[in-house]
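Fold and contact review
Listed below are the residues making up each chain.
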Amino acid sequence: MAGKVQAPKGTFDVLPEGAGPRLRLQHAAEELLGRWGYDYVETPIFEDTELFARGVGETTDIVQKEMFTFDDQGGRSITLRPEGTAPVARAYIEHGMHKRPQPVKLWYWGPFFRYEAPQAGRYRQFNQVGVEAIGTASPSIDAEVIGLLADLLSGTRGLRLRISSIGTPETRREYSDELREHLRAHEDQLSDDVRARLDANPLRAFDSDHAGTQAVMRDAPRLLDRLGDEDEEHFAQVRALLDAMEIAYEVDGTLVRGLDYYTRTVFEFTSDALGAQSGVGGGGRYDLLIEQLGGPATPGIGWAAGIERILLASEAEDAGERLDVYVAHSDDPLTAIYVASRLHRRGKSAQLEHAGRSIKGQMKQADRLGARVVVIVEDGKLAVRNMATGEQQEARDRDDAIALAEAVA
Ligand code: ATP
Ligand code: MG
């Protein structure tokens, strides 16, 4: 016999028993984001590699190490999308969305791909929900999108929100020189990785989990103390707005995000229920991205959150969906399917027997499914059983059975 084919490393199947909380989260996201006026968008699962090289940044971990990139049969370089902001920004430009009333507020949900070492909460195909609000630099939109994510994550254990501002590229360039000097002075204590990127991207040293690097970073200068006046004012307003929304946060000057396109506000939600992979969701402002991708200069802000990590850190027990009615029958599928379909039209959940079990076997099956009521069709007669009390009533005909079942379920 041939060997079994298994799912690729770092991927997973969503099985029926695990699907409930995931679908409920999707519903909750759709409702919440819809109420705030965010419209749903979908972009392709794969894009031209250039989009991510330009949009995410050549020096980032994502572009340097984590992309699933291949040439298609036509010789184009294609990449499975590792994140959602660059594709949405591309769509904004491609469809001239700057002509719509601004800001354009969008949300998405779907699979993303990163070539990473798989572990709990870290996969090669995972799912994200995200929002992008494009077309305004107003600090109130920063507070709005952060508030949305706080709301969506309200059922998450041990949740913390950290925020910071990383200013403009000019501020960052000057600060990078200052930081590089500090790092050079302690070069022997740094990880190889950080040393290799010292020239290109010294800020990433804040992200390092290397003990020596972390020690050096503890007394490094902070970008937050170097912001220009306008950026500082913008950040002060974001904080005041979050205070007005009564959202708890910590200002953390060491917060850097893994993507090059961020400007000004950055933020991250973590959960202490997740262990090492503590990031649940995060994002920031990207005032230069649209222009960098060839569009008109347009500010924007967004976030993405990992569905699997939200589910792992969720407080909610899965209550499971209960079944209203099970229709058991010995030899009358016509009546059984009539009863089940009518109950559906009346808004009840109903299932009928398809496996040819004995009536006793069907009662067991109804019990397993948590049915509130069983309609029993046997020898030309109909009965309705209340599964909670064990009470059973004869029904005059099929419509009477439906009415009785409806009254109990
Ligand atoms: P991490 O620090 O864990 O690598 P990140 O900074 O790379 O996260 P983002 O690019 O900000 O993550 O993506 C937003 C969210 O997507 C993360 O907070 C996390 O919940 C989720 N996420 C990112 N990478 C993965 C992955 N490989 N598997 C599962 N979820 C992921
Ligand atoms: Mg990552």
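Quick note: structure is the one above.
Model, not experiment: these values are computed from the prediction.

Here is what the cut-offs are and how they apply
Residues numbered from 1 in each chain as written. Chains lettered and ligands numbered in written order. Predicted model: local features only at pLDDT ≥ 70, side-chain atom pairs only at ≥ 80, totals over all residues. Heavy atoms only, no water. Pairing = 2+ DSSP bridges. Helix = DSSP H or I, 4+ residues; strand = E, 2+ residues; numbered from the N terminus. Axes fitted to C-alpha atoms, helices over the stretch in contact; angles between N-to-C directions. Core = buried A, V, L, I, M, F, W, Y, C linked by side-chain atoms within 4.5 Å. Buried < 20%, exposed > 50% of the residue type's maximum accessible area, 1.4 Å probe, protein only. Contact = heavy atoms within 4.5 Å.

This part covers the sheet that holds strand 3 (residues 69-71). Think of a sheet as strands paired side by side through backbone hydrogen bonds, with each pair either parallel or antiparallel. Strand order in this open sheet of three strands is 2-4-3, and the pairing throughout is antiparallel. In the strand order of this sheet, the two ends are held by strand 2 (46-48) and strand 3, each with one partner. Each strand of the sheet is rotated relative to its neighbour by a mean of 35°, with strand direction disregarded. Of the pairings in the sheet, the one linking strand 3 to strand 4 (residues 77-80) comprises three bridges and is antiparallel in character. The partner of Asp71 across the bridge, within strand 4, is Ser77.

With 43 residues, the main nonpolar core has Leu179, Leu183, Phe206 and Met217 as its most contacted residues. Among the secondary structure elements, those contributing two or more residues to this core are helix 2 (49-55), helix 3 (61-66), helix 4 (85-94), strand 5 (104-113), strand 6 (125-134), helix 6 (169-185), helix 8 (211-218) and helix 10 (289-292). It is helix 4 that contributes the most residues to this core, five residues altogether. Apart from residues no more than four positions distant in its own chain, Leu179 is found in contact with Pro202, Leu203, Phe206, Met217, Ala220 and Pro221. Membership of the second largest hydrophobic core comes to 37 residues, among which are Leu161, Leu227, Phe269 and Leu274.

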